[in-house]
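Close look at the chain arrangement
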Amino acid sequence: MSDVEKVVVLGSGCAGYTAAIYTARATLSPLLISGTMEGGQLSLTSEIENYPGFPEGLGGMELMDQMKKQAIRFGARFVNDYIKKVDLTKHPFTLWGQENEIKAETLIVCTGASAKKLGIEGEEKFFGRGVSTCATCDGFFYKEKEVVVVGGGDSAMEEGTFLTKFASKVTIIHRRDKLRASKIMQQRAFDNPKVAFQYNSIVLDVLGDEKTGVRGARVKDSKTDEVTEIPCTGLFLAIGHVPNTDIFKGQLGMDENGFIVTDRLQACSVPGVFAGGDVQDHVFKQAITAAGTGCAAAMSAEKFLTKMESEGYPRR
Ligand SMILES: Cc1cc2nc3c(=O)[nH]c(=O)nc-3n(C[C@H](O)[C@H](O)[C@H](O)COP(=O)(O)OP(=O)(O)OC[C@H]3O[C@@H](n4cnc5c(N)ncnc54)[C@H](O)[C@@H]3O)c2cc1C
């Protein structure tokens, strides 16, 4: 490691690897810090069918390995560490990991987001095999099947309506007696004959077995305490995402849900810090959009460095 790195990329998902490929090809020899989930969220999924360039689809880990190899080919360096604390108030920036203290002229934040889970047992057991947090990614696997969507906000309405392209029936389970979603999104779901609603209901468990997969959701009516089983082969969680931004609180501009705010160039509120991927995107949350914004962040970091080299760094 150098005394001061030119580019540090945080995160080894699609955004981080793409930022590493671009900055490495720009001969900036980036240092990428992998975090605890090498390969990011895609390492959790067995099959990706919508990443361009792979007409037959490919495994999530396989795609991430290819991206990593591509970054290594151009000179990116990797460190297995998890950053616990950062100081972005002074330039160069300082990052403290479990093992390393790193100084950086520019930082590209690609720490992603994690989908909120219900915390019930069957959820982990069937995650990626019947339980999903992404209708766009997995809806295709439920042609003519019955599915359940958990949630009552805009994303639940959107995911539920989207799933009717494939599923024979979509039941939206919401724990309250009213939806939180905007009126227009609600209406779209109400107008869809394939969508049913179950209010005041709490999902207690995902039912099924290892061999045949998910067969239903056990649900409790919060008013009557009656427990019923809703048949389904897929259960989609649409109860929100939590961006991995705790270490940046108070230092980088964020929206009310903690997503990092970036401008059109992927620049954050502190000059020299850029962000790409799900950490700054609560709308698209796709591998290709993460790669796209990771690329843009890298190109902006490169421009920043070129400018600073001629004008001097904003030492504070
Ligand atoms: C089960 C599942 C299936 C999916 N299927 C598809 C699909 O078929 N098609 C599609 O386009 N999208 C799919 N997605 C969505 C896609 O995975 C995400 O949009 C994409 O991974 C976002 O990439 P990212 O680089 O922004 O973040 P992530 O993939 O979330 O990666 C974040 C990285 O940051 C690291 N990190 C976090 N905090 C720190 C820290 N403090 N220090 C260092 N490192 C840190 C993590 O270890 C991780 O490596 C799926 C998601 C899931 C969960």
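Of the regular secondary structure elements, the protein chain holds 7 helices and 17 strands. For 316 residues, the compact-globule formula gives about 20 Å, and the C-alpha radius of gyration of the protein chain, at 21 Å, lands near that figure. Dimensions of the protein chain, computed from the C-alpha atoms along their principal axes, are close to 65 × 40 × 35 Å. Looking at the protein chain residue by residue over its 316 residues, the buried ones come to 50%. Long-range contacts, defined as pairs at least 24 residues apart, comprise 58% of the intrachain contacts of the protein chain with a sequence gap of at least 6. Here the protein chain contributes 37 positive and 40 negative side-chain charges, whose respective centroids are spaced 2 Å apart.

In terms of domain boundaries, the protein chain breaks down into domain 1 (5–114 + 241–311) and domain 2 (117–237). Each of domain 1 and domain 2 has a C-alpha centre, and the two are 32 Å apart. Between domain 1 and domain 2, the contact holds 6 residues from the first and 7 residues from the second. With both sides pooled, the region where domain 1 packs onto domain 2 buries about 490 Å², and carbon together with sulfur makes up 49% of that total. Across the contact surface, domain 1 and domain 2 share 0 salt bridges. Where domain 1 touches domain 2, the interface holds 0 residue pairs in polar contact (both at pLDDT 80 or more). Tallied by class, residues from the side of domain 1 that touches domain 2 come to 1 nonpolar, 3 polar and 2 charged.

The strand order across the open sheet built from 3 strands is β12-β13-β14, with neighbouring strands paired in antiparallel fashion. The open sheet has two free edges, formed respectively by β12 (201–209) and β14 (227–231), since each of these has just one partner strand. Taken over all neighbouring pairs, the strand axes of this sheet differ in orientation by 30° on average, direction set aside. Sheet topology note: the β12/strand β13 (residues 213–221) ladder contains 8 bridges and is antiparallel. Across the sheet, Gly-208 pairs through a bridge with Val-214, a residue of β13.

The next point concerns the nonpolar core. Residues Val-9, Cys-14, Leu-42, Tyr-51, Met-67 and Ile-108 are the most contacted members of the largest nonpolar core, which totals 34 residues. Elements that contribute at least two residues to this core include exactly β1 (5–10), α1 (14–25), α2 (60–73) and α7 (287–311). Per-element accounting of this core gives the leading share, 9 residues, to α7. Not counting chain neighbours up to four residues away, the residues in contact with Tyr-51 comprise Leu-63, Met-67, Ala-287, Ile-288 and Ala-291. If you look at the next biggest cluster of nonpolar residues, it comprises 22 residues, including Val-8, Leu-107, Ala-275 and Val-279.

So, about the packing of helix α5 (residues 154–163) against helix α6 (residues 183–190). The contact between α5 and α6 brings their axes to 9 Å, and the two run at 30°. Regarding the angle of α5 to α6, the classification is roughly parallel. Where α5 crosses over α6, the two elements pack in a sense that is left-handed. Between α5 and α6, the residues in contact are Asp-154, Met-157, Glu-158 and Thr-161 and Met-185, Gln-186 and Ala-189, respectively.

Taken together, 33 residues lie around the ligand, and Met-37, Gln-41, Asn-50, Asp-278 and Ala-287 are the ones closest in. At 3.4 Å, a backbone N or O of Thr-36 approaches an oxygen atom of the ligand. Protein contact buries 96% of the 1000 Å² of open area that the ligand shows by itself. Of all the secondary-structure elements, those providing two or more residues to the shell around the ligand are α1 and α7. Of the residues in the shell around the ligand, the class split is 16 nonpolar, 15 polar and 2 charged.

Rules of the game
- Numbering of residues begins from 1 in every chain and follows the order in which that chain's sequence is written.
- Per-residue local features of the predicted model are confined to residues with pLDDT of at least 70, and side-chain atom pairs are confined, for both listing and counting, to 80 or more; whole-chain, interface and lining totals are unaffected and use all residues.
- For side-chain calculations, the full set of non-hydrogen atoms in the structure is used, while hydrogens and water are omitted.
- Under the DSSP-based scheme used, a helix requires at least four consecutive residues in state H or I and a strand at least two consecutive residues in state E, with every element numbered from the N terminus.
- A radius of gyration in this sense is built from C-alpha atoms; the matching globule rule multiplies 2.2 Å by the number of residues raised to 0.38.
- Exposure categories follow from relative accessible area, calculated using a 1.4 Å probe and restricted to protein chains: below 20% of the type maximum is buried, above 50% is exposed, and the middle band is partly exposed.
- Note on definitions: a residue-residue contact is assigned when non-hydrogen atoms from the two residues lie within 4.5 Å.
- The charge count treats Lys and Arg as positive and Asp and Glu as negative. His and the chain ends do not count.
- Positions of charges follow a simple convention, taking NZ of Lys, CZ of Arg, CG of Asp or CD of Glu.
- What counts as a domain boundary in this text is fixed by an automatic or database domain assignment.
- Buried area is a sum: the accessible area each of two parts loses on coming together, probed at 1.4 Å, counted once for each and added.
- We count a salt bridge whenever a side-chain nitrogen from Lys or Arg sits within 4 Å of a carboxyl oxygen from Asp or Glu.
- Distance and chemistry together define a polar contact, namely a pair of N or O atoms within 3.5 Å, with one atom able to donate a hydrogen and the other to accept it when in protein, and with adjacent residues in sequence counting only for side-chain atoms on both sides.
- Basically, the charged four are Asp, Glu, Lys and Arg, the nonpolar ten are Ala, Val, Leu, Ile, Met, Phe, Trp, Tyr, Cys and Pro, and anything else, Gly included, counts as polar.
- Paired strands, in this sense, are two strands between which DSSP finds at least two bridges.
- A fitted line through C-alpha atoms serves as each axis, taken over the contacting stretch for helices, and the angle formed by two N-to-C directions is quoted from 0 to 180°.
- Among buried residues, those of type Ala, Val, Leu, Ile, Met, Phe, Trp, Tyr and Cys that are joined through side-chain atoms within 4.5 Å constitute a nonpolar core.
- Orientation categories follow fixed angle ranges, with anything under 35 degrees roughly parallel, anything over 145 roughly antiparallel, 65 to 115 roughly perpendicular, and all other angles oblique.
- Helix crossings are classified by the rotation of the near helix relative to the far one: an anticlockwise turn of less than a right angle makes the crossing left-handed, while a clockwise turn makes it right-handed.
- When we say a residue is near a molecule or strand, we mean one of its heavy atoms is within 4 Å of it.
- Here the Shrake-Rupley method, with its probe set to 1.4 Å, supplies the accessible areas, and only the displayed protein chains count as covering residues.

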